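If you want the building blocks of each chain, they are given just below.
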Amino acid sequence: IKHLRSAADLDAATATLILDTAAEMAALSGREVKKLPALRGRTVVNLFYEDSTRTRISFEAAAKRLSADVINFSAKGSSVSKGESLKDTALTLQAMGADAVVIRHSASGAPHRLANWVDGSVVNAGDGTHEHPTQALLDAYTMRSRLGRLDGLKVAIVGDVLHSRVARSNVLLLTTLGAQVTLVGPPTLIPLDVAAALSEKTQVSYDLDAVLPDSDVVMMLRVQTERMQDSYFPSAREYSRRYGLDMLRMRKLPEHAIVMHPGPMNRGMEIAPEVADSPRSTIVEQVANGVSVRMAVLYLLLGGK
Ligand code: CP
């Protein structure tokens, strides 16, 4: 594939190739080889119109570990503030010879538009409430490395599904790879039409306590309070009481089950601090795996040697 705009771009064989390549990257980076020459002479542009900590830093680290030249573009402080359009910004990057453009944008579909204007590969680093495919890949990588498989794995994705690009990409990728996904949350944040649009293969539950004992993975989503103006949201306390993962609830999970969160977290709202910091939590591991997965994505898209 040339671009990674959606988790739907990936069939099972391609997704598995990315995960296997990421495992090789992790093994090489973990040994004495800190930097690989695979993308020497290639240019990767990180084009971030929305704030990010994990994704921006890990794409930068991934490109540098593959010896690519990296240009970091942040909309703040650029000519975007003077009204420059995405198209004109894209043409400027094109003139600078970008081999890959990694884009985060508040508008759903921005990576698809960008792919019409640049010759290089486009990687979606999160677009509006639409998708975040590399997050889904690093989540799948983490599940596979912790639990040994994805096929048949029971994954509960919990919380603000309505606004979550992470949930959307995870549903697409995990069902492609054979996992069974259950979306859990209040009815206002997980309407049935949204669930059906995500995938016909997913189940829906409004009862977290009923789902936990039969889950291998519980993935807590950030409550996106900044996007709540268009949806009914119970008080933070009521939400936490019904859908927050605290120590009492975590004990309902099977012994082997893991707790995930893409970050950033609202500690004390969707996840209790003791749960986030517990040995079952893979939150820090997910960030570390993000670098290997993004190395694999850049390597495979750019035909690295
Ligand atoms: N998970 C994630 O996308 O985090 P950032 O917004 O910090 O990149």
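Residues numbered from 1 in each chain as written. Predicted model: local features only at pLDDT ≥ 70, side-chain atom pairs only at ≥ 80, totals over all residues.

Student: Is there a simple way to explain the overall build of the chain in this structure?
Tutor: Secondary structure summary: the chain contains 12 helices and 9 strands in total. Across its three principal axes, the chain shows a C-alpha extent of roughly 55 × 45 × 35 Å. Of all 305 residues assigned to the chain, the portion counted as buried reaches 45%. (Helix = DSSP H or I, 4+ residues; strand = E, 2+ residues; numbered from the N terminus. Buried ≥ 20, exposed ≤ 12 C-beta atoms within 10 Å, placed from the backbone.)

Student: What is the right way to read the site of the ligand from this model?
Tutor: Residues in close proximity to the ligand include Ser52, Thr53, Arg54, Thr55, Gly126, His132, Gln135, Pro262, Gly263 and Pro264, which together make up its full environment. Here the shell around the ligand is composed, by residue class, of 2 nonpolar, 7 polar and 1 charged. Taken domain by domain, the shell around the ligand gets at least three of its residues from each of domain 1 (7–132 + 287–301) and domain 2 (133–282). (Near = placed C-beta within 6 Å. Nonpolar A, V, L, I, M, F, W, Y, C, P; charged D, E, K, R; others polar. Domains from an automatic or database assignment.)

Student: Quick question: what am I supposed to make of the nonpolar core here?
Tutor: Side chains of a nonpolar character, in soluble globular proteins, are inclined to be buried together. If you look at the biggest cluster of nonpolar residues, it comprises 89 residues, and the most contacted ones within it are Val101, Ile157, Val218 and Leu298. When residues in this core are grouped by element, the largest group, 8 residues, is from helix 12 (residues 283–301). A domain split of this core shows at least three residues from each of domain 1 (7–132 + 287–301) and domain 2 (133–282). Excluding its chain neighbours within four sequence positions, the residues that come into contact with leucine 298 are Leu39, Val44, Ala62, Ala63, Leu66 and Ala100. (Core = buried A, V, L, I, M, F, W, Y, C linked by C-beta atoms within 7 Å. Contact = placed C-beta atoms within 7 Å.)

Student: Help me out: how do you make sense of helix 6 (residues 165–176) in this one?
Tutor: Every α-helix carries 3.6 residues per turn, so stepping three or four residues along brings you back to the same face. Taking 1.5 Å of rise per residue, the 12 residues of helix 6 would be expected to cover 16 Å, and the 17 Å separating its terminal C-alpha atoms lies within 8% of that figure. Among the 12 residues that make up helix 6, 11 are buried, leaving the element largely enclosed by the rest of the structure. Every buried residue belonging to helix 6 is among Arg165, Val166, Ala167, Arg168, Ser169, Asn170, Val171, Leu172, Leu173, Leu174 and Thr176, and all of these are buried. Of the residues trailing helix 6, glycine 178 is marked for its positive phi of about 95°. (Expected span 1.5 Å × (residues − 1).)

Student: Would you explain the UniProt feature "binding site: L-aspartate" (unreviewed entry) in the chain in this entry?
Tutor: Under the UniProt annotation, the feature "binding site: L-aspartate" (unreviewed entry) is placed at Lys82, Arg165 and Arg222. These annotated residues cover 141 residues of sequence, and their C-alpha atoms sit far apart, with the largest distance between any two at 32.3 Å. If you trace the backbone, lysine 82 turns up in the loop between strand 2 (69–74) and helix 3 (86–95). Looking at the element boundaries, arginine 222 is found in the loop between strand 8 (217–220) and helix 9 (236–243). Leave out the neighbours within four places in its chain, and arginine 222 touches Asp160, Pro264, Met265, Asn266 and Glu270. (UniProt positions renumbered as here; feature names shortened; annotations may be inferred.)

Student: In this structure, what is going on with the packing of helix 5 (residues 133–147) against helix 12? I would like to understand it.
Tutor: Packed helix pairs are characterised by how far apart their axes lie and by the angle those axes make with each other. One can describe the packing of helix 5 onto helix 12 by two numbers: an axis separation of 8 Å at closest approach and a directional angle of 115°. For the pair helix 5 and helix 12, the sense of crossing is right-handed. Contacts between helix 5 and helix 12 involve Thr134, Leu137, Leu138, Asp139, Tyr141 and Thr142 from the former and Glu285, Gln286, Asn289, Gly290, Val293, Arg294 and Val297 from the latter. Looking at the contact of helix 5 with helix 12 residue by residue, the class counts come to 5 nonpolar, 5 polar and 3 charged. (Axes fitted to C-alpha atoms, helices over the stretch in contact; angles between N-to-C directions. Left-handed = near helix turned anticlockwise from the far one by under 90°.)

Student: It is not clear to me how the pairing of strand 1 (residues 43–48) should be interpreted in this structure. Could you clarify?
Tutor: Each regular strand shows side chains that alternate between the opposite faces of the sheet. Most of strand 1 sits out of view: 5 of its 6 residues are buried. Handedness of the crossover joining strand 1 and strand 2 through helix 2 (residues 54–65) is recorded here as right-handed. (Right-handed = clockwise from strand over helix to strand, strands pointing away.)

Student: How do you make sense of the pairing of strand 8 when you look at a structure like this?
Tutor: Taking every second residue as pointing to the same face, both faces of strand 8 are buried, with Val217 and Met219 on one and Val218 and Met220 on the other. Sheet topology note: the strand 5 (residues 154–158)/strand 8 ladder contains 4 bridges and is parallel. Its bridge partner being in strand 8, valine 155 is matched across the sheet by valine 217. As paired elements, strand 8 and strand 9 (residues 258–260) share 3 bridges and run parallel to each other. Residue pairing for strand 9: valine 217 is matched across the bridge by isoleucine 258. (Pairing = 2+ DSSP bridges.)

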